[in-house]
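Secondary and tertiary structure notes
Each chain, written out:
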Amino acid sequence: MTTTTSPQGRTELLRPDRTPVRVLVVDDEAPLAELLSMALRYEGWEVRSAGDGAGALRTAREFRPDAVILDVMLPDTDGLAVLGRLRRELSEVPVLFLTARDSVEDRIAGLTAGGDDYVTKPFSLEEVVARLRGLIRRSGTAAVRSESTLVVGDLMLDEDSHEVSRGGANIHLTATEFELLRFLMRNPRRVLSKAQILDRVWNYDFGGQANVVELYISYLRKKIDAGRTPMIHTRRGAGYLIKPGE
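All figures in this text were calculated on a predicted structure; none of them were measured in a lab. (Residues numbered from 1 in each chain as written. Predicted model: local features only at pLDDT ≥ 70, side-chain atom pairs only at ≥ 80, totals over all residues. Heavy atoms only, no water.)

**Let's talk about the pairing of strand β4 (residues 46-50)**
Bridge count between strand β3 (residues 22-26) and β4: five bridges; the pairing is parallel. Across the sheet, residue V26 finds its bridge partner in β4, namely A50. Since β3 and β4 lie parallel, the crossover through helix α1 (residues 30-42) that links them has a hand, and here it is right-handed. (Pairing = 2+ DSSP bridges. Helix = DSSP H or I, 4+ residues; strand = E, 2+ residues; numbered from the N terminus. Right-handed = clockwise from strand over helix to strand, strands pointing away.)

Put into structure tokens, the structure is as follows:
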């Protein structure tokens, strides 16, 4: 995996195909699972959750996570049994156990069963994230992203190499298309007016040339959004913005 330093000062991890790290959260306490998911999404990771063992295995087969947070006590089965099934299908995926059991024997049982680390409840979200980051980096399934890389959802732009990809597929852009996309990606979820885009990309003030912005936005959409969930959006009377596909 790769890493970079985000605007918030975090070092971000990416999969080998330069898409976000995937984490599966398995816990039957819905509020806790949601808190964990929010903390992991703040890291820029893609997160799925499950509330029982059957759901965990089903989601793991579909999602192919890079790491799993697994509660030991689940309503339909024991977390150790789920781990055994996971290991048969995803032998290398790092697993971080969550449990209310804090005895030495319980810790040994979890680690002996194949767990990579063990956190007891109650815990801090910061500790869980830090431990998970360590597991992912040590597993070799992620790498540090270059500081020159911009990422919005599954769309990536390298400002040094001028390479652009979405979902791991390379996208060829002209120089002007690249500059327009770079400006949008440096301001994710922010509406940029035609005047702002003209000034930044074409280096001149607004003067009735807004049609050139519309034209190049259409070019970008054909290359970035064609056949995929749209990321480039129009706000009538206001401008354009880019945000992850939903």
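**A word on empty space enclosed by the protein**
Enumeration over the complete set of coordinates arrives at one cavity of 30 Å³ or more. Counted as a void, the largest cavity has a volume near 30 Å³. Among the secondary structure elements, those contributing two or more residues to the lining of the largest cavity are α2 (53-63) and α3 (79-89). Per-element accounting of the lining of the largest cavity gives the leading share, three residues, to α2. The residue makeup of the lining of the largest cavity, split by class, is four nonpolar, no polar and three charged. (1 Å grid on protein atoms, 1.4 Å probe; cavity = no way out; pocket = protein on both sides within 12 Å on 5 of 7 lines; lining within 4 Å. Points joined across faces, edges and corners; volume = space filled by probe spheres on them. Nonpolar A, V, L, I, M, F, W, Y, C, P; charged D, E, K, R; others polar.)

**Remarks on the packing of aromatic side chains**
How two aromatic rings sit relative to each other is set out by the distance from centre to centre and by the angle between their planes. Here the structure, examined in full by the defined rule, presents two aromatic pairs. Between Y216 and Y219, the ring centres sit 5.1 Å apart and the planes meet at 75°, which makes this aromatic pair edge-to-face. Of this pair, Y216 and Y219 both sit in helix α8 (residues 210-224), three residues apart, which is roughly one turn of that helix. (Phe/Tyr/Trp six-rings, centres within 6.5 Å; stacked < 30°, edge-to-face > 60°.)

**Some remarks on unusual backbone geometry**
The residue after K121, namely P122, is reached through a cis peptide bond having omega -5°. Its location among the elements puts P122 in the loop between β7 (117-120) and α5 (125-139). Of note, H162 is a non-glycine position whose phi angle comes to about 60°, a positive value. Of the residues examined, H162 reaches a relative accessible area of 44% and is grouped as partly exposed. (Buried < 20%, exposed > 50% of the residue type's maximum accessible area, 1.4 Å probe, protein only.)

**Let's talk about the pattern of salt bridges**
For the coordinates displayed, the defined rule picks out 18 salt bridges. The partner of D27 in a salt bridge is K121, with the nearest N and O atoms 3.2 Å apart. Taken together, the residues span a long stretch of sequence, with D27 in the loop between β3 and α1 and K121 in the loop between β7 and α5 at a distance of 94 residues. A salt bridge links R87 to D116; the shortest N-O distance between them is 2.9 Å. Of this pair, R87 sits in helix α3 while D116 is found in the loop between α4 (104-112) and β7, placing the two residues 29 residues apart along the sequence. (Salt bridge = Lys/Arg side-chain N within 4 Å of Asp/Glu carboxyl O.)

**What to know about the sheet that holds strand β11 (residues 164-166)**
Strand order in the open sheet made by the four strands is β9-β10-β11-β12, with antiparallel pairing throughout. In this open sheet, the two strands that pair with only one neighbour each are β9 (149-152) and β12 (169-171). Going from strand to strand, the sheet's axes swing by 25° on average, the running direction of each strand aside. Looking at chain direction, strand β10 (residues 155-158) and β11 are connected through three bridges and run antiparallel. When the sheet's bridge partners are listed, M156 is paired in β11 with S165. The sheet strands contacting helix α6 (residues 175-185) are β9, β10 and β11, and the helix crosses β10 at an angle near 115°. (Axes fitted to C-alpha atoms, helices over the stretch in contact; angles between N-to-C directions. Contact = heavy atoms within 4.5 Å.)

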